[in-house]
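Letter by letter, the chains look like this.
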Amino acid sequence: MTEHDIEQLISRMTLAEKLGQMTQVQPHGRDQEERVRQGGAGSLINVVGDDAYHYQWLAVEHSRLGIPLLLGRDVIHGFQTVFPIPLGQAAAFDPERVRQAAAHSAREAGAAGVNWTFSPMLDVARDPRWGRIAESFGEDPLLISRLGVAMVQGYQQEGVAACAKHFVGYGAAEGGRDYSATDLAPRALLDTYLPPFLAAQQAGVMTVMSAFNDLDGVPATGHEDLIRGTLKNRWGFDGLVVSDWCSVTEMIAHGFCEDAAAAARAGVSAGVDMEMASTSYLDHIAGLIEQGLLDIALVDDAVRRILRIKARLGLFQHPYGDPGRTQPQRPVATQLARSLARDSCVLLKNEQGLPLGEHARRVAVIGPMADAPGEQLGCWVFDGERQHSQTVFAALQERLGAQRVVHARGLEHCRSHDLDGLEAAVALARSAEVVVLCLGEDAGLSGEAHCRAHLDLPGAQQTLLEAVAATGVPVVLVIMAGRPLVLGPVLPHAQAVLYAWHPGSQGGPAIVDLLCGESPSGRLPVSFPRSVGQIPIFYNHKNTGRPPHPDAPSIPSGTPLDPSGFFAAYLDEDHRPLFPFGFGLGYTRFEYRDLQLSASQLTPGGTLCASVLLSNAGHRSATEVVQLYVRDLVGSVTRPVRELKDFQRISLQPGESQRVSFELHTDALRFHDRHLRQVCESGRFELWIGPDSASGPSAVFELMASQA
Ligand code: NOJ
């Protein structure tokens, strides 16, 4: 279907049919079947399987114009096969596998009639209180952009439209409380929050979702400057923008619109082409046009975009899915889910205990997350098959034999305060040579509207941990959670700590692979705070006029600082994160030596080659995530203390060395100046290649002014 065909179709449509296209109907809405027959819905949400086929058939065979439906679903980290939560996937620092996982998800969802997923979420998430950090790729715009592009490609290569959401700023909710207002300066938007969306647009994302939040006084769903101005006009996005669930009519509660008619007008004017769940477009646009308050050209533009995406998906030829498309292959998806879960786990501490030696003749697997197949899947798993979810307990029994692995929950569930099971768990711990203690958050503690003000282990889990640790049997702590938790009080009680996020259906076998010898290679996609009081805390912050001394020793909680120092610090807490962005251990030791730059000076448009000699100085083969950071030392506006510019996963055998090289183009050094122009300023830059955002060898280079 060509653009010309789309225009022809629009010219045959009644206004009611156009408004139908601009409406996404919620399940169990009034008279859904009749509405679809009348051409009163452009899209349905949350209809899968036989229902999806039925409604598609009604639209195609029984509506006047036979326009196919977009059938939308939140396929966030898998469909039947559940991959790690996006925050976990981010920890693998591996765009290619994220693409493959999205492609598998699209095949499974596509086979159930879904042709549109509301993923990827591209919100920059710097606040672990915010429950939706679980759905994010973390705090860094470059990592989010790379993984977002990979997900978009994965879904769309399999004929499912991706949706970059939430446009924009939603992750910066005040207090980490979902739906709260955001107050972002234009430069923060341009340099930090918008780039992942620009990357998705450049990768051809078909749809974008407007956000719930108030952004400096204007609800994102009514933000004409950003949606129509930046996204559509400046960036040239020609796909469709959908609202979030009722976010059009929520502009009334925001105090931005008087009533539903005003909300419809604000939404369409801003460039929101399709309304999700609420029906203000359907109910009020005709009246607005009649009164001369809305131009029909805006309606036609919205309809054109919606039909364009349907055409791009091939729905006019194959409304029920392309018969030639790849069928889902469960064993392949299962293998991928296992490898992605394995490489998303971050080893935070390992003083003793890992990998489990052959000598571990009896292992006690304890804790409410040890055998909780549903909880380990994480948030947003409407279609995830719990019966195929394999837990740590089951997988360890399978690996070591049922006689060697014993189990007690200790607590019935993560939030439980009932200590009835404690004694049995402690007795079981005593009977073993090592304890694998699986604690964390159940799936319901993160995701939309699931924010937390306390980031400790919920329920009586700290008590369980301390009681088990008091036995003196080494504790290998596996934490499954949808966000970074505050681990200060936890670390002293475990000899080893593996952070597994919510790892998905293959979480058990993946974790057991690591417990039994494969070296963990996940790295933190977010900074881990020492206390809630440090939040928001992120590595790519600005300096202050009084930076705390970089080598300041760790200050134990509660110890007052020397009052003679007036620095940007806390009196009662270290200013640094407990674990920095990019951090993660393995079973070997990597050394970074001999950082080399191809030149000490370069000019705009040029490329610098930076390399380092990486050696595996330990005794096990392992994979390292080599990270390149830059700091613009002096700018016409201040610049972050470090920014991630590139990364590579490198696998080395014991004793092996490899020179790891990066190409850094000067475009990567651009930022928005005082006049919000994108510039590449001359001056000195420090460059690091290292294992995380807080270490690694560095060198300085200079960007020269361009020759006029
Ligand atoms: C609200 C959420 O904010 C959004 O991310 C999701 O896609 C929609 N609901 C649809 O379920």
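Conventions and cut-offs
Residues numbered from 1 in each chain as written. Predicted model: local features only at pLDDT ≥ 70, side-chain atom pairs only at ≥ 80, totals over all residues. Heavy atoms only, no water. Pairing = 2+ DSSP bridges. Helix = DSSP H or I, 4+ residues; strand = E, 2+ residues; numbered from the N terminus. Axes fitted to C-alpha atoms, helices over the stretch in contact; angles between N-to-C directions. Contact = heavy atoms within 4.5 Å. Phe/Tyr/Trp six-rings, centres within 6.5 Å; stacked < 30°, edge-to-face > 60°. Buried < 20%, exposed > 50% of the residue type's maximum accessible area, 1.4 Å probe, protein only. Lys NZ or Arg CZ within 6 Å of the ring centre and 35° of its normal. Near = heavy atom within 4 Å. Polar contact = N/O pair within 3.5 Å; in protein donor to acceptor, adjacent residues only side chain to side chain. Nonpolar A, V, L, I, M, F, W, Y, C, P; charged D, E, K, R; others polar. Salt bridge = Lys/Arg side-chain N within 4 Å of Asp/Glu carboxyl O. Disulfide = S-S within 2.5 Å. Lys, Arg positive; Asp, Glu negative; His and termini not counted. pLDDT = per-residue confidence, 0-100. Parallel < 35°, antiparallel > 145°, perpendicular 65-115°, else oblique. Left-handed = near helix turned anticlockwise from the far one by under 90°.

Draft legend 1. The arrangement of the sheet that holds strand β22 (residues 657–665) in detail. What the three strands build is an open sheet, ordered β17-β19-β22; its pairing is antiparallel. Bordering the open sheet on either side are β17 (590–597) and β22, each of which pairs with just one other strand. Across the sheet, the axes of successive neighbouring strands diverge by a mean angle of 25°, strand direction being ignored. Pairing of β17 with strand β19 (residues 607–616) involves six bridges; the strand directions are antiparallel. Each residue of the ladder has a partner; that of F590, found in β19, is N616.

Draft legend 2. The arrangement of the sheet that holds strand β12 (residues 363–366) in detail. Taken in spatial order, the six strands line up as β11-β16-β15-β14-β12-β13 in an open sheet, and their pairing is mixed. Bordering the open sheet on either side are β11 (346–350) and β13 (405–408), each of which pairs with just one other strand. Looking at each pair of strands side by side, their axes are set apart by 20° on average, direction ignored. Note that β11 and strand β16 (residues 496–499) share four bridges and pair antiparallel.

Draft legend 3. Inspection of the environment of A270 at higher detail. Mapping A270 onto the fold places it in helix α12 (residues 260–270). Apart from the residues lying within four places of it in its own chain, the contact partners of A270 are T221, G222, H223, E224, I227 and R228.

Draft legend 4. Region of interest: the packing of aromatic side chains. In the structure shown here, the tally under the stated rule is 18 aromatic pairs. Pairing Y179 with F212 gives two aromatic rings, centres 5.1 Å apart and planes at 90°, and the pair type is edge-to-face. Here the residue Y179 occupies a position in the loop between β5 (163–167) and α8 (186–193), and F212 occupies one in the loop between β6 (207–210) and β7 (214–215), the gap between them amounting to 33 residues. Summarising the aromatic geometry, the rings of Y499 and F528 are spaced 4.9 Å apart at their centres and angled 85° between planes, so their arrangement reads as edge-to-face. Here Y499 is found in strand β16, whereas its partner F528 is found in the loop between α19 (507–515) and β17, with 29 residues between them in sequence. The class of Y499 is buried, set by a relative accessible area of 0%. Residue classification places F528 among the buried residues on the basis of a relative accessible area of 0%. Taken together, the ring pairs connect F93, Y539, F581, Y629 and F647 into an aromatic cluster. Of note, R642 hangs over the ring of Y629, and the distance from its end group to the ring centre comes to 5.3 Å.

Draft legend 5. Quick look at the pairing of β19. Of all 10 residues making up β19, seven are buried, and the element is well covered by its neighbours. Relative to β22, β19 runs antiparallel, the two being bridged by nine bridges. Counterpart to V612 in the pairing with β22 is V660.

Draft legend 6. Examining the site of the ligand more closely. Inspection of the region around the ligand gives I45, D74, F118, R132, K165, H166, M209, F212, D244, W245, M276 and E448 as its neighbouring residues. D74 is positioned such that a nitrogen or oxygen atom in its side chain is 2.4 Å from an oxygen atom of the ligand. K165 places a side-chain nitrogen or oxygen 2.8 Å from an oxygen atom of the ligand. Looking at the shell around the ligand residue by residue, the classes come out as six nonpolar, one polar and five charged.

Draft legend 7. Representation of the pairing of strand β25 (residues 683–690) within the structure. With six of eight residues buried, β25 is to be regarded as a mostly interior element. Judged from the six bridges that link them, strand β20 (residues 622–632) and β25 form a sheet pairing that is antiparallel. What sits directly across from L628, in β25, is I689. With six bridges joining them, β25 and strand β26 (residues 698–703) adopt antiparallel strand pairing. Paired with E686 across the strands is V700, a residue of β26.

Draft legend 8. Up close: the pattern of salt bridges. Under the counting rule described, the total for this entry stands at 46 salt bridges. With a shortest N-O distance of 3.4 Å, R342 and E518 are connected by a salt bridge. With R342 in helix α15 (residues 330–344) and E518 in the loop between α19 and β17, this pair connects stretches of sequence that are 176 residues apart. In this structure E518 comes out as partly exposed when scored by relative accessible area, which is 39%. A cluster of three or more residues bridged by salt bridges with shared partners is formed by E7, R228, D301, R304 and R305.

Draft legend 9. Seen up close, unusual backbone geometry. Cis geometry marks the peptide bond from K165 to H166; its omega dihedral reads 0°. Examined against the element boundaries, H166 turns out to sit in strand β5. Of the consecutive residues F167 and V168, the connecting peptide bond is found in the cis state with omega at 0°. Mapped onto the secondary structure, V168 falls in the loop between β5 and α8. The backbone phi angle of C246 is positive, close to 65°, even though this residue is not glycine. Mapping C246 onto the fold places it in the loop between β9 (240–242) and α11 (250–253).

Draft legend 10. Structural view of α12. Most of α12 is tucked away, with eight of its 11 residues classed as buried. Those residues of α12 that fall on the buried side of the exposure criterion are A261, A263, A264, A266, G267, V268, S269 and A270.

Draft legend 11. Spatial organisation of the state of the cysteines. Using the criterion set out here, one finds zero disulfides in the structure. A disulfide-free cysteine, C379 has its sulfur positioned 11 Å from the sulfur of C451, the nearest such atom. The structure places no disulfide on C438, whose sulfur is separated from the nearest cysteine sulfur, that of C414, by 10 Å. The exposure class assigned to C438 is buried, which follows from its relative accessible area of 0%.

Draft legend 12. Up close: the side chain of D178. Mapped onto the fold, D178 is located in the loop between β5 and α8. At 4.7 Å, R132 is the nearest oppositely charged side chain to D178, a buried residue that forms no salt bridge. Side chain to side chain, D178 and W130 meet in a polar contact 3.0 Å long. Those residues within four positions of D178 in sequence are excluded, and the remaining contacts are W130, R132, Y170, E448, A449 and C451.

Draft legend 13. Representation of the confidence of the model for the protein chain in the model. With 97% of its residues at a pLDDT of at least 70, the protein chain reaches an overall mean of 96. Scored below 50 in pLDDT, residues 553–557 makes 10 contacts in the model with residues more than four places away or belonging to other chains.

Draft legend 14. Summary view of the packing of helix α16 (residues 392–400) against α19. For the pair α16 and α19, the least separation of the axes is 7 Å and the interaxial angle reads 55°. Classified by the angle their axes make, α16 and α19 are oblique. Between α16 and α19 lies a crossing of right-handed hand. Seen from α16, the contacting residues are V392, A395, L396 and R399; seen from α19, they are G508, P509, I511, V512 and D513. Its residues assigned to classes, the contact of α16 with α19 shows six nonpolar, one polar and two charged.

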